[in-house]
There are 2 protein chains.
Amino acid sequence: MAVVPLKALIYPSGESPISSPLADLDAFANAGLGWRRVKRGETAYLAGDKFNAIYGVRSGFFKVGNVAAMGREQVMGFFMRGEIFGLEGIGAGRYDGTATALEDSELAMLPFALMERMAQENPAMQRELHAILAREITRDHGIMMLLGSMTAEQRLAAFLLNLSRRFVRRGYSPSEFHLRMTREEIGSYLGLKLETVSRVLSLFQKKGLLGVQQKHISIVDIAGLESVYRQR
Amino acid sequence: MAVVPLKALIYPSGESPISSPLADLDAFANAGLGWRRVKRGETAYLAGDKFNAIYGVRSGFFKVGNVAAMGREQVMGFFMRGEIFGLEGIGAGRYDGTATALEDSELAMLPFALMERMAQENPAMQRELHAILAREITRDHGIMMLLGSMTAEQRLAAFLLNLSRRFVRRGYSPSEFHLRMTREEIGSYLGLKLETVSRVLSLFQKKGLLGVQQKHISIVDIAGLESVYRQR
DNA sequence: CGCAGTTTTGATTCATCTCAATTTGTGTGG
DNA sequence: CCACACAAATTGAGATGAATCAAAACTGCG
């Protein structure tokens, strides 16, 4: 049996944007694991769907959001190439959010039952799985921090710095990028209204921290952004 | 070897306030697992400590908080008997919060390496472990929802209803309880200032939803609270 | 190439914060 | 057991950051 590291299941070819202790594993290569194309605007799963797999982004960009009781959407996360989403489903056995592609994308499906079985037999795979879950917990705590105690400016600064770091790890420019999501989606993610997001972006531009051209962002002064984030 | 369900490690005697598919497992009983008394105001661990175990509350009440950069504390969670905390440590190998007892308490220490080893050999234990991690993710998402899109009144209502549900599961009254934490800690958890917490509590009282006597809360109108929570 | 969806910007309102004073409760030592 | 001191909670008044409502400008999709 061929030994296939997890990363190879997510990334098309040899590349490994994410550094993590990768498990040697074989079953995936054969097993029901599939790849799936999802076009912009289409969904990988809907809130309420039965949970069976987590997803790795091979290419493209996703949002996972939760349409709560009364129409208002809450975006729980954005995911780019090499990142994994769908973990919110594990608890209840159903996804509690809807995953929507923000651009034409490719997904690797990682059936959870299979992952569990493999983790059972392979300590490295187990570590990998726990790392994935732990990363999600850490990520969520960071967001709680943001939402619980930061101003609109700090939230936006943190958001942009976080995006920048993630882009850079994937080999893109840290300072020039294209937002795939609308102001409304950013706002939902950060607990702000779209007008506020727009205003703060304009403010940052006026302060000389950013260049903003609709969805094109260029970070002019990273240190400045960081100090906005830390201020107070 | 005696077969000991996980719950028995957390609860002193036979009782099982939490319903979950419990693993049959033995190693714990013998292994390095320990119990620990923590007095009110003392800590189970500090932010930055090396992560080695997660904790089950056998009795008492804990808060886990994160003193970010500039003095301002952010409370990430409150934990009562039968609940498990310390999971934030798994990701980085260090706890990123400080766990403080809000009353004299007893903790069960669950060494994580041991749990992983056991999960490796015992599918039921593995399921248990994943359930613990998944529950934390679900919990965090709920809090993100709160913080991202709810008013002060809705947050307080959700908080009280959540406490009530948790108390009831442990065999306490759903409508009469004693808050172990200060208004400031509640506020930090909910992304509000202590004065706001106090005001909203007073408002609820005036509306006839609650009786408030400092830390004694009696929920007079659960349905009313629920409708506050859902309103809009 | 036109139009719907998105973004920007302005004016105003409102919820929550901040600052401040008072009351109430709690733990400690005489 | 009482009294004192300190911490926690309540309440008020005013300031403020973000939301809301509204209009105009942009733009990229079909």
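What comes next concerns the included structure. (Residues numbered from 1 in each chain as written. Chains lettered and ligands numbered in written order. Predicted model: local features only at pLDDT ≥ 70, side-chain atom pairs only at ≥ 80, totals over all residues. Heavy atoms only, no water.)

Section: the overall build of chain A
Next, step 1: Summing up its helical and strand segments, chain A has nine helices and nine strands in all.
Next, step 2: Every one of the 232 residues in chain A was classed for burial, and the buried ones make up 54%.
Next, step 3: A sequence separation of at least 24 residues applies to 71% of the contacts in chain A between residues at least 6 apart. (Helix = DSSP H or I, 4+ residues; strand = E, 2+ residues; numbered from the N terminus. Buried < 20%, exposed > 50% of the residue type's maximum accessible area, 1.4 Å probe, protein only. Contact = heavy atoms within 4.5 Å.)

Overview of the relation of the copies chain A and chain B
The pair of chain copies shares a relation made of a rotation about an axis and a shift along it.
Next, step 1: Each copy superposes on the other: chain A lies on chain B with an RMSD of 0.0 Å after a rotation of 180° and an axial shift of 0.0 Å. Those values place the two copies in the arrangement expected of a two-fold rotation axis. The position closest to the rotation axis in chain A is occupied by the C-alpha of Gln120 of chain A, lying 2.5 Å away. (Least-squares fit on C-alpha atoms with pLDDT ≥ 70 in both.)

Thoughts on the sheet that holds strand β8 (residues 210–213) of chain B
All names here are of chain B.
Next, step 1: Pairing is antiparallel in the open sheet, where three strands are placed in the order β7-β9-β8. Each having just a single partner strand, β7 (176–178) and β8 make up the two edges of the open sheet. Neighbouring strand axes in the sheet, compared pairwise and without regard to direction, differ in orientation by 15° on average.
Next, step 2: In this structure, β8 lies alongside strand β9 (residues 216–219), joined through four bridges in antiparallel fashion. Residue pairing across strands places Gly211 opposite Ser218, the latter belonging to β9. (Pairing = 2+ DSSP bridges. Axes fitted to C-alpha atoms, helices over the stretch in contact; angles between N-to-C directions.)

What about the pattern of salt bridges?
All names here are of chain A.
Next, step 1: With the rule as written, the count across this model stands at 20 salt bridges over all chains.
Next, step 2: Salt-bridge contacts for Glu103 lead to Arg180; the nearest nitrogen and oxygen are separated by 2.6 Å. Here Arg180 lies in the loop between β7 (176–178) and α7 (183–190) and Glu103 lies in strand β6 (residues 98–111), a separation of 77 residues in the sequence.
Next, step 3: Given the relative accessible area of 24%, Glu103 is considered partly exposed.
Next, step 4: Residue class for Arg180 comes out partly exposed when judged on its relative accessible area of 26%.
Next, step 5: Salt bridges linked by common partners bring Arg37, Arg58 and Glu106 together as one network. (Salt bridge = Lys/Arg side-chain N within 4 Å of Asp/Glu carboxyl O.)

Re unusual backbone geometry
All names here are of chain A.
Next, step 1: One non-glycine residue with positive phi stands out, namely Gln214, at about 55°.
Next, step 2: Mapped onto the elements, Gln214 comes out in the loop between β8 (210–213) and β9 (216–219).
Next, step 3: Given the relative accessible area of 64%, Gln214 is considered exposed.

Things to note about the protein's contact with DNA strand C
Next, step 1: Residues in contact with DNA strand C amount to 19 residues; listed here are only the nearest, Arg183, Ser198 and Ser202 of chain A together with Ala152 and Thr196 of chain B.
Next, step 2: At the protein interface, 60% of the atoms of DNA strand C within 4 Å belong to sugar or phosphate.
Next, step 3: A distance of 3.2 Å separates a base nitrogen of DNA strand C from a polar atom in the side chain of Glu195 of chain B.
Next, step 4: Between DNA strand C and Arg199 of chain B, the relevant distance is 2.8 Å, taken from a base oxygen to a side-chain nitrogen or oxygen of the residue.
Next, step 5: Taken together, the elements giving at least two residues each to the surface near DNA strand C come down to α8 (194–206) of chain A together with α8 (194–206) of chain B.
Next, step 6: With five residues, α8 of chain A is the largest single contributor of residues to the surface near DNA strand C. (Near = heavy atom within 4 Å. Polar contact = N/O pair within 3.5 Å; in protein donor to acceptor, adjacent residues only side chain to side chain.)

From the geometry alone we can't say anything about function, so treat these as descriptive.
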